[in-house]
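A structural walkthrough
Take a look at the letters that make up each chain.
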Amino acid sequence: MDLLSKLNSNSKTKSIKPREIFMTLPSKETGYGYPRDVQSEVWRKWFDIRDKKNIILKMGTGSGKTVVGLIMLQSCLNEGKGPATYVVPDKYLVKQVIDEAGKLGISATDDKDDYSYSNSKAILVAPIHTIVNGHSCFGMREYGNYPIGSIIIDDVHTCMDKIIKQFMIRIDAETDAYRELISLFSSSLKDYNSNRYIDVVENRDCHKNMLVPYWEWQRKQDDIYKILTKYNNDDNKSIYFGLPLIDRCLETCDCIISSSSIEISPKGVDLDKISSLEEASRRIYMSATLADDSVFVSALGLDTEDMKNIIAPENVNDVGDRLIIFPKYINNDISEFEIKEKVDEIAKKYNVVILVPSFSRAKFWDEQGDLTASKDNIEIMVKRLKSGKHVGKTIFVNRYDGIDLPSEACSMLVIDGLPPLNSIKDKYIQSTVSNSTILLREQVQRIEQGMGRGVRSNDDECCVVLMGDDLSDVLTRNKGIDYFSVATRCQYDLSKQLWDLLVEEKDSKPTIDQIFELANYSLEKNPEWITKCKESLATVKYSTEAKIDEKVVAQRKAFKKAINGQWHDAADIIKTVKDKENDESTKGYLCQIQAEYTNKIDPACSQEILKAGKNLNESILLPLEGIQYQRKTNTIPQAQAIIKNITSKKIIGNELIIYVDRVLSNLSIGSEYEKFEKALDEVGTLLGFVCSRPDKETGRGPDNLWVIDSDKYLVIECKTEATTETIKKDYCNQLSGSVNWFKDKYVCPNECIPIMIHPSKYVDEVASPGENMRVMTEMELEHFRKNIRAFYKYLCNYGGINDISEINKSLRECNLRKDDIVNTYTVKVERCK
């Protein structure tokens, strides 16, 4: 081997300017001759501030971020700032990045022990969980950690979701660790809320969960830690990988018990634990141009100075053309089955991709499952779509990021429904603060990420179809479109102009065929439509000013204070942001967080804060002394109350119908109990009654209580998730207990009618139903939903929303007057034969 002759004692200095590096790469494939203008622009901006430790790079979906990132890391290597690591959300994307590096002629590897990587001659491409886990070789070892000089975290919002999951322990119900933790808390939980404990732990109701009160969690820290360390081994992987990350902040954790697992999660991410990541001299976070930057604070812990280091292209000319259609918003009479028929028709000619939140929803589009991608065949499905051949319809489950489907691979993209929440804790927060702006932003961002799957360059086109009652309600009534990035909002507004023109031209509600005719502008690549898109985007500019929710910043600061033992400061930080909050439910939830920190220094004061919060938000924890139940009364005539309630919501016309549809979509047998009970409460209010949820408010009483007259009440127990063919004895006893609760709280002449909502009207042989017990099955519920929708549709379409006489007339015709509720929509219980 003649190696000595190859030594060069005077090595030529390597270029460190990104564009120069790109232009001088010797083995680029065809198609990589020149960088895009937008790539050159962001390279120049980054190069000027490259020595800042934390830099956020925002580029539109499909603008060539991967190439930009690889060249930046090559620049870092050339400047001696290695080793260099390129981080992606999952293993599937590792291959994509390595393939891209190969096309550029840049050396990249997925092996952390590769000689070229450790000697800063190649870029390591790794999934985020390789870098961040409780036994990470990039910072969790006592010695011998792999160093990081420069790091890029791509698809940062998705990576943060993965990081948050790593900083969490989920203990399966079939394990000894689960049983020991239940035993530790059982007596205190029974005393605190016996009904919920029985439902979750003893009856193993898979649809309910229970938050361990923070005072119990704090009091039993030593015992909790002993149990977790006892099972901290490879047989309990969640504890094994999670405990080392959260041991320092264990006292700040929320512990939620369900019948299937126990989830332990802190109020923040202590990312300093990953020492190599913390010590990296250059950290670049690559993100799509989304409208909210709170994740950089909440999950990454960046401070306000870091948030000044945002770079983005000047103009929004790096985004492909998207025509968005929203059939239900344009015509609220259109059903999801009509949309499906049109999509299936289009799929006969074009490739159509459908994003759904769950495999159960995938069956709506693909009953046999042949067209639905799974973890085993996703690469094959994507390859087929990219082959240039006509595939037709393909369904992806919960894949709102990481899949690139350019050009004809995806001519139409359907976003069906809201992306799912990531954890039991997220579901708890949603049930506690249903209008949480934090969760709303996260879901809208995932919707937008999904919308980007079909446009991968600025010369790409895709038609995006939005559908689903929950999604419609989030984007319209909750103003979720305000959280779209400037580019997506621009395309949404341009598309909406088309909808408006269509409605004006037809002078009535457009049909499903007429609405989908709009899709042809995109599907057939209409030159005039493409020109309009380009012209519209040309006037829009990206912002490099960070947009952060003040509540997120406060919670992050408080968390950092708490893990350092500064409990008083943590409570004060939350109090300050809470006092500024106008939304009562959010304010109440912030009271709970403030109370939790306060409990470490003043338990009595903590309970007073929690009590004040409970009066603002019925869904937060019950104080130790409970809440005094406030009797409900109804003195306003039904039609007048309907006007008052609608006016308070500040929504009219189509948006009101969309809201009603969203509520009614959860009012069916089989719906999750929390969503159903909330929907039933909202429906009662929509009908002009005074409604409450005593069990949620005080831990006692029925699921729902409707006051339909000055002295007449409906006591309702919801068993919509029951799977038995008869009503069980326990259910009958529970309803009888709620009647006794009513008699204790409300004196004569007030009367109540006990109602069970259940799939069956028949009771068990051993059950003892109350004398006046009524049942509402799916048959009655369907009739009820149909008439409620007809009622609101009539009022919206014929302008009777503020007309008392019209409301009374429609209530009568739709059988929705106070006496109709029991007579029309419930039946007498029958004994099982």
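Below is a short write-up of the structure. Because the structure is a prediction, the values reported are computed rather than measured.

Next up on the list: the pattern of salt bridges. Inspection of every chain in the model, using the stated rule, returns 63 salt bridges. Across the salt bridge formed by K190 and E202, the nearest N and O atoms sit 3.9 Å from each other. Here the residue K190 occupies a position in helix α8 (residues 176-192), and E202 occupies one in helix α9 (residues 194-202), the gap between them amounting to twelve residues. Look at E202 and you get partly exposed, because its relative accessible area is 45%.

So, on to unusual backbone geometry. Negative phi values dominate among residues other than glycine, just as trans dominates among peptide bonds. The peptide bond linking G82 to P83 adopts the cis configuration, its omega dihedral lying at -5 degrees. Inspection of the secondary structure puts P83 in the loop between α3 (65-78) and β2 (84-88). For the peptide bond that leads from C748 to P749, omega is 10 degrees, which places it in the cis range. Looking at the element boundaries, P749 is found in the loop between α34 (729-745) and β20 (751-757). Look at S407: it is not a glycine, yet its phi comes out positive at around 50 degrees. A positive phi angle, near 55 degrees, is found at N815, a position not held by glycine. With respect to the helices and strands, the residue N815 is situated in the loop between α36 (804-813) and α37 (818-825). Looking at N815, the relative accessible area reads 29%, which means it is partly exposed.

A pair of packed helices is characterised by two quantities: the angle between their axes and the separation of those axes. In the contact formed by α8 and helix α11 (residues 221-230), the axes pass within 10 Å of each other and the chain directions differ by 170 degrees. One element, α8, and the other, α11, form an angle in the roughly antiparallel class. Touching A177, E180, L181, L184 and F185 of α8 are D223, I224, I227 and K230, all from α11. Tallied by class, the residues present in the contact of α8 with α11 amount to six nonpolar, no polar and three charged.

Once that is clear, we can look at helix α16 (residues 336-347). Between its first and last C-alpha, α16 extends 16 Å over twelve residues, near the 16 Å set by a 1.5 Å rise per residue. Where α16 is concerned, the buried positions are I339, K340, K342, V343, I346 and A347. Summarising the axial view, the buried residues of α16 lie within an arc of 165 degrees, below the 170-degree limit, and thus occupy one face. Facing away from the buried side of α16 by more than 90 degrees, the exposed set consists of F337 and E341.

If you check helix α4 (residues 91-104), its first and last C-alpha atoms are 21 Å apart, about what 14 residues at 1.5 Å a residue would give, namely 20 Å. Buried within α4 we find Y92, L93, V94, V97, E100, A101 and L104. Tucked inside the fold, the buried residues of α4 contact α1 (18-24), α3, β2, β3 (108-109), β4 (123-127) and α18 (378-386). A side-chain oxygen of the first residue of α4 lies 3.2 Å from the backbone nitrogen of Y92; this N-cap is D90. Following α4 by one or two positions, G105 adopts a phi angle in the positive range, close to 85 degrees.

Attention now moves to the sheet that holds strand β17 (residues 690-692). The pairing of strands in a sheet comes from backbone hydrogen bonds and takes either a parallel or an antiparallel form. Sheet architecture is open: six strands sit in the order β17-β18-β19-β20-β22-β23, paired in mixed fashion. Strands with a single pairing partner mark the edges of an open sheet, and in this sheet they are β17 and β23 (827-828). Pairing geometry for strand β18 (residues 704-709) and strand β19 (residues 712-718), over five bridges, is antiparallel. Residue pairing for β19: W706 is matched across the bridge by L714. Contacts from α34 reach β18, β19 and β20 within the one sheet, and its direction differs from that of β20 by about 155 degrees.

A word on the nonpolar core. Counting residues in each nonpolar core, the largest one holds 106 residues, and the members touching the most others are Y86, F396, M412 and W499. Apart from residues lying up to four places away in sequence, F396 is in contact with V353, I354, L355, V356, A373, I378, V382, L385, I403 and L405. Counting residues in hydrophobic clusters, the runner-up holds 96 residues, among them L250, L302, I574 and I609.

Along the polypeptide, N54 turns up in strand β1 (residues 54-58). A distance of 3.2 Å separates the side chain of N54 from the side chain of Y285, its partner in a polar contact. Filtering out sequence-adjacent residues up to four positions away, N54 remains in contact with R283, Y285, L302, D306 and N309.

Below, the discussion takes up the side chain of S692. Note that S692 resides in strand β17. Setting aside its immediate chain neighbours within four residues, S692 contacts Y629, K632, D681, E697, D703, N704 and L705.

On the basis of which strands lie adjacent, the open sheet formed by seven strands has the order β3-β4-β2-β5-β10-β1-β11 and parallel pairing. Either end of the sheet is taken by a strand with one partner, and the two such strands are β3 and β11 (310-311). Judged from the five bridges that link them, β2 and β4 form a sheet pairing that is parallel. Within the sheet, the bridge partner assigned to V87 lies in β4 and is A126. Sheet contacts for α3: β1, β2, β4, β5 (150-153) and β10 (282-287); angle to β2, the most-contacted strand, approximately 160 degrees. The sheet contacts of helix α7 (residues 156-166) involve β2, β5 and β10, and relative to β10 the element is tilted by about 110 degrees.

What follows concerns the environment of H129. Considering the arrangement of structural elements, one finds H129 in helix α6 (residues 128-131). Taking relative accessible area as the criterion, H129 reaches 34% and is therefore assigned partly exposed. Between the alpha carbons of H129 and S543 there is a distance of 31 Å; along the sequence they are 414 residues apart.

Right, let's talk about the packing of aromatic side chains for a bit. Enumeration according to the criterion identifies 24 aromatic pairs in this entry. Considering the side-chain rings of F791 and Y792, the 5.0 Å spacing of their centres and the 90 degrees angle between planes classify their relative orientation as edge-to-face. We note that F791, like Y792, is buried. Put simply, the rings of F326, Y329, F484, Y492 and W499 touch in pairs and so form one group of aromatic residues.

In this section: the packing of helix α2 (residues 37-48) against α3. Contact geometry of α2 with α3 gives a least axis separation of 10 Å together with a crossing angle of 35 degrees. Every pair of crossing elements has a handedness; the one defined by α2 and α3 is right-handed. Contacts between α2 and α3 involve Q39, V42, W43 and W46 from the former and V67, V68, I71, M72, S75 and C76 from the latter. Considered class by class, the residues forming the contact of α2 with α3 number eight nonpolar, two polar and no charged.

Along β10, six of the six residues are buried, which leaves the element largely enclosed by surrounding structure. The side-chain alternation of β10 yields two buried faces, one formed by R282, I284 and M286 and the other by R283, Y285 and S287. Note: β1 against β10, five bridges, orientation parallel. Paired with I55 across the bridge in β10 is I284. Of the pairings in the sheet, the one linking β5 to β10 comprises four bridges and is parallel in character. From the neighbouring strand, I152 faces β10, where its bridge partner is I284.

Turning to its location among the elements, C732 is positioned in helix α34. Residue C732 is classed as buried on the basis of its relative accessible area, which comes to 1%. For C732 and A767, which are 35 residues apart along the polypeptide, the C-alpha to C-alpha distance reads 6.6 Å.

What follows deals with the state of the cysteines. Tallied over the full model, the rule gives zero disulfides. As a non-bridged cysteine, C137 has C159 as the owner of its nearest cysteine sulfur, 17 Å distant. We classify C137 as buried; its relative accessible area is 7%. We note that C462 lacks a disulfide partner, and the nearest cysteine sulfur, in C410, lies 4.1 Å from it.

The rules behind each value
- Residues numbered from 1 in each chain as written.
- Predicted model: local features only at pLDDT ≥ 70, side-chain atom pairs only at ≥ 80, totals over all residues.
- Heavy atoms only, no water.
- Salt bridge = Lys/Arg side-chain N within 4 Å of Asp/Glu carboxyl O.
- Helix = DSSP H or I, 4+ residues; strand = E, 2+ residues; numbered from the N terminus.
- Buried < 20%, exposed > 50% of the residue type's maximum accessible area, 1.4 Å probe, protein only.
- Axes fitted to C-alpha atoms, helices over the stretch in contact; angles between N-to-C directions.
- Parallel < 35°, antiparallel > 145°, perpendicular 65-115°, else oblique.
- Contact = heavy atoms within 4.5 Å.
- Nonpolar A, V, L, I, M, F, W, Y, C, P; charged D, E, K, R; others polar.
- Expected span 1.5 Å × (residues − 1).
- Arc of directions from axis to C-beta.
- Polar contact = N/O pair within 3.5 Å; in protein donor to acceptor, adjacent residues only side chain to side chain.
- Pairing = 2+ DSSP bridges.
- Core = buried A, V, L, I, M, F, W, Y, C linked by side-chain atoms within 4.5 Å.
- Phe/Tyr/Trp six-rings, centres within 6.5 Å; stacked < 30°, edge-to-face > 60°.
- Left-handed = near helix turned anticlockwise from the far one by under 90°.
- Disulfide = S-S within 2.5 Å.

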